[in-house]
2 protein chains.
Amino acid sequence: LNTVAIFGVGLIGGSFALALRHAGFQGSIIGVSSASTIERALALRVIDSGADAESAASQADLIYLAQPISEILNCLTQLNPWVRSDALVTDAGSTKSTITEYASRHLRRCQFLGGHPLAGKETTGVSSAEPQLFQGRKYVVTPRNAEELNTPEVGSFLSWLDRIGAVRVVMDAAQHDRTVAYTSHLPQLAATALAVSLKSTDPNTNVFGPGLLDMTRLAMSPFSVWKDILQTNSREIRDALESYLTVLHHFKEVVATEDMQREFDNAADLARQLRGYKSFLDEK
Amino acid sequence: LNTVAIFGVGLIGGSFALALRHAGFQGSIIGVSSASTIERALALRVIDSGADAESAASQADLIYLAQPISEILNCLTQLNPWVRSDALVTDAGSTKSTITEYASRHLRRCQFLGGHPLAGKETTGVSSAEPQLFQGRKYVVTPRNAEELNTPEVGSFLSWLDRIGAVRVVMDAAQHDRTVAYTSHLPQLAATALAVSLKSTDPNTNVFGPGLLDMTRLAMSPFSVWKDILQTNSREIRDALESYLTVLHHFKEVVATEDMQREFDNAADLARQLRGYKSFLDEK
């Protein structure tokens with residue numbers, strides 16, 4: 001790996017650049033972003049140089065797409081004439097099926113591997129980037145078939161994921177999108193819907209405990225982040241919402257009965273199971 | 001106020017006893033609980049003595065019912081022949097309409113004032129009791145009419161609430177139960193239902209972020225705490241669930257459209273508004 005082009009030098013793209021450098025990467029890191037972001041990224045020594053998309057794509061062994069999903073999709077329709085045939089294009093988008101379809105359709109001259117790092121923080125932008133962002137965090141890669149993982153280009157990329165401390169998870173794109181519909185997109189919509197429902201009462205009564213703050217923290221997420229996710233995973237999200245609606249309808253029927261015992265027990269089991277995984281992650 | 005009887009010397013009852021003492025109460029505090037709890041409460045100097053319900057009720061100026069709601073209801077059917085006519089009975093149950101109805105029906109010889117301290121912690125039992133538990137926390141009282149607040153007995157109780165640092169909120173029982181159906185009971189059921197829905201996916205995929213942990217923390221709440229709440233506020237909870245279901249149905253229809261912008265904006269407004277209240281509380 002000699003030359004990496006980061007498209008979208010924000011929190012994720014900038015952190016990937018810093019993580020590579022921190023892990024010993026000696027090659028060149030080119031940024032493709034707005035002029036102001038490139039200026040800041042250069043000042044912070046996150047990238048070595050800025051370039052336009054065509055120039056960066058034509059030089060890079062690894063093209064790392066870290067923009068919002070809609071920009072990744074747009075970029076995938078343009079890259080093909082520019083890329084080297086021995087390059088690898090990968091991305092960090094939060095949904096994978098649509099992105100993978102776009103890559104299959106438009107990017108024919110080099111390999112593509114979809115990715116989704118489960119890393120983030122409260123703040124965004126290149127100023128928030130840090131080399132440890134991926135340390136101990138899951139990093140999903142979504143090959144279209146098992147052989148895609150066996151090329152030298154992907155082998156090199158995966159070894160760098162290991163070196164930056166990411167915990168690799170291999171899934172197909174459909175399985176990824178179905179999983180995050182339940183584990184990420186449904187919780188977001190559950191929080192948003194709860195906050196919207198609360199608007200129908202008078203919140204001036206101001207009688208609530210800390211549980212409500214937990215349950216509405218995600219409701220502060222900006223729509224700018226979620227718009228593309230909702231649009232590119234709407235089928236799976238509708239399924240997850242349907243499952244949630246079915247459970248809530250059942251609760252409405254049995255809320256005052258002993259049947260709720262089993263629901264609470266099942267819910268507590270699942271919640272504790274998630275925390276088992278989490279502490280496993282924390283220990284790594 | 002000379003003699004206080006605490007029925008149910010757990011986290012809330014025990015903390016009320018400690019808070020009174022900490023605030024300068026010089027009288028006697030009698031505990032009514034299981035033999036083992038009384039033993040522990042005496043060892044921890046939370047109460048001055050233990051007694052059976054009849055003996056404690058016949059001595060007390062203030063009878064503080066801090067048991068689970070179903071035990072409070074049972075107690076209200078028994079207290080009337082035992083209480084002094086100048087006593088005040090109050091409670092700390094999380095729902096208020098059913099308790100207030102029981103008091104109106106069964107407790108005729110002395111005054112009753114419903115209460116709900118919005119205080120708590122992760123652990124329960126008298127060993128977790130602490131004198132600062134009510135400090136800066138809302139304490140809802142639910143008189144049946146405004147005059148009930150003007151008696152000497154209630155005046156004395158309210159002045160002690162002030163002295164233990166609680167922030168008094170006056171609401172009627174129906175308004176209280178409707179409010180907490182949205183601010184407490186709905187968030188609980190939203191978390192429980194989310195965890196139940198997640199059981200339908202394979203959680204072994206283990207791909208999730210910190211948002212899911214926020215949204216499933218309440219799902220670990222024990223049913224033993226919630227059973228009585230769900231049974232004594234089922235009508236308001238069904239209404240809140242219906243409101244939530246309506247919003248979620250709408251989300252399912254418009255999830256991939258620009259209509260979601262307004263939903264996210266409204267939700268973020270409400271979530272920030274709640275946090276404004278919270279930081280106001282924290283500053284107190």
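Residues numbered from 1 in each chain as written. Chains lettered and ligands numbered in written order. Predicted model: local features only at pLDDT ≥ 70, side-chain atom pairs only at ≥ 80, totals over all residues. Heavy atoms only, no water.

**Things to note about the overall build of chain A**
Part 1 of the reasoning: If you tally the helices and strands in chain A, you get 11 helices and 8 strands.
Part 2 of the reasoning: For chain A, the spread of C-alpha atoms along the principal axes amounts to about 65 × 40 × 35 Å.
Part 3 of the reasoning: Residues counted as buried form 57% of the 284 residues belonging to chain A.
Part 4 of the reasoning: When the accessible surface of chain A is split by element, carbon and sulfur atoms take 48% of a total near 11200 Å². (Helix = DSSP H or I, 4+ residues; strand = E, 2+ residues; numbered from the N terminus. Buried < 20%, exposed > 50% of the residue type's maximum accessible area, 1.4 Å probe, protein only. Areas by Shrake-Rupley, 256 points an atom, 1.4 Å probe, with all protein chains shown as cover.)

**Description of the pairing of strand β1 (residues 3–7) of chain B**
Two faces belong to every sheet, and in a regular strand the side chains alternate between them.
All names here are of chain B.
Part 1 of the reasoning: Along β1, 5 of the 5 residues are buried, which leaves the element largely enclosed by surrounding structure.
Part 2 of the reasoning: Examined bridge by bridge, β1 and strand β4 (residues 62–65) share 4 bridges and lie parallel to one another. The partner of I6 across the bridge, within β4, is Y64. (Pairing = 2+ DSSP bridges.)

**Some thoughts on the packing of aromatic side chains**
All names here are of chain A.
Part 1 of the reasoning: Going through the model one piece at a time under the given rule, you end up with 15 aromatic pairs over all chains.
Part 2 of the reasoning: Aromatic side chains F16 and Y64 sit 3.9 Å apart centroid to centroid with 10 degrees between the ring planes, which places their arrangement in the stacked category. Linking F16 in helix α1 (residues 11–22) with Y64 in strand β4 (residues 62–65), this pair joins segments that are 48 residues apart in sequence.
Part 3 of the reasoning: Taking relative accessible area as the criterion, Y64 reaches 0% and is therefore assigned buried. (Phe/Tyr/Trp six-rings, centres within 6.5 Å; stacked < 30°, edge-to-face > 60°.)

**Comments concerning the state of the cysteines**
Note on terminology: a disulfide is the covalent bond linking the sulfur atoms of two cysteines.
Residue and element names in this part refer to chain A.
Part 1 of the reasoning: Counted according to the given criterion, the structure contains 0 disulfides over all chains.
Part 2 of the reasoning: Free cysteine C75: the closest other cysteine sulfur is in C110, separated by 11 Å.
Part 3 of the reasoning: The exposure class of C75 is buried, given its relative accessible area of 6%. (Disulfide = S-S within 2.5 Å.)

**As for the sheet that holds strand β8 (residues 167–170) of chain B**
Residue and element names in this part refer to chain B.
Part 1 of the reasoning: Pairing is mixed in the open sheet, where 8 strands are placed in the order β3-β2-β1-β4-β5-β6-β7-β8. Because the sheet does not close on itself, it has two edges, and the strands there are β3 (49–50) and β8.
Part 2 of the reasoning: Sheet topology places β1 next to strand β2 (residues 28–32); 5 bridges connect them, and they run parallel. Each bridged residue has a counterpart across the sheet, and for T3 the counterpart in β2 is S28.

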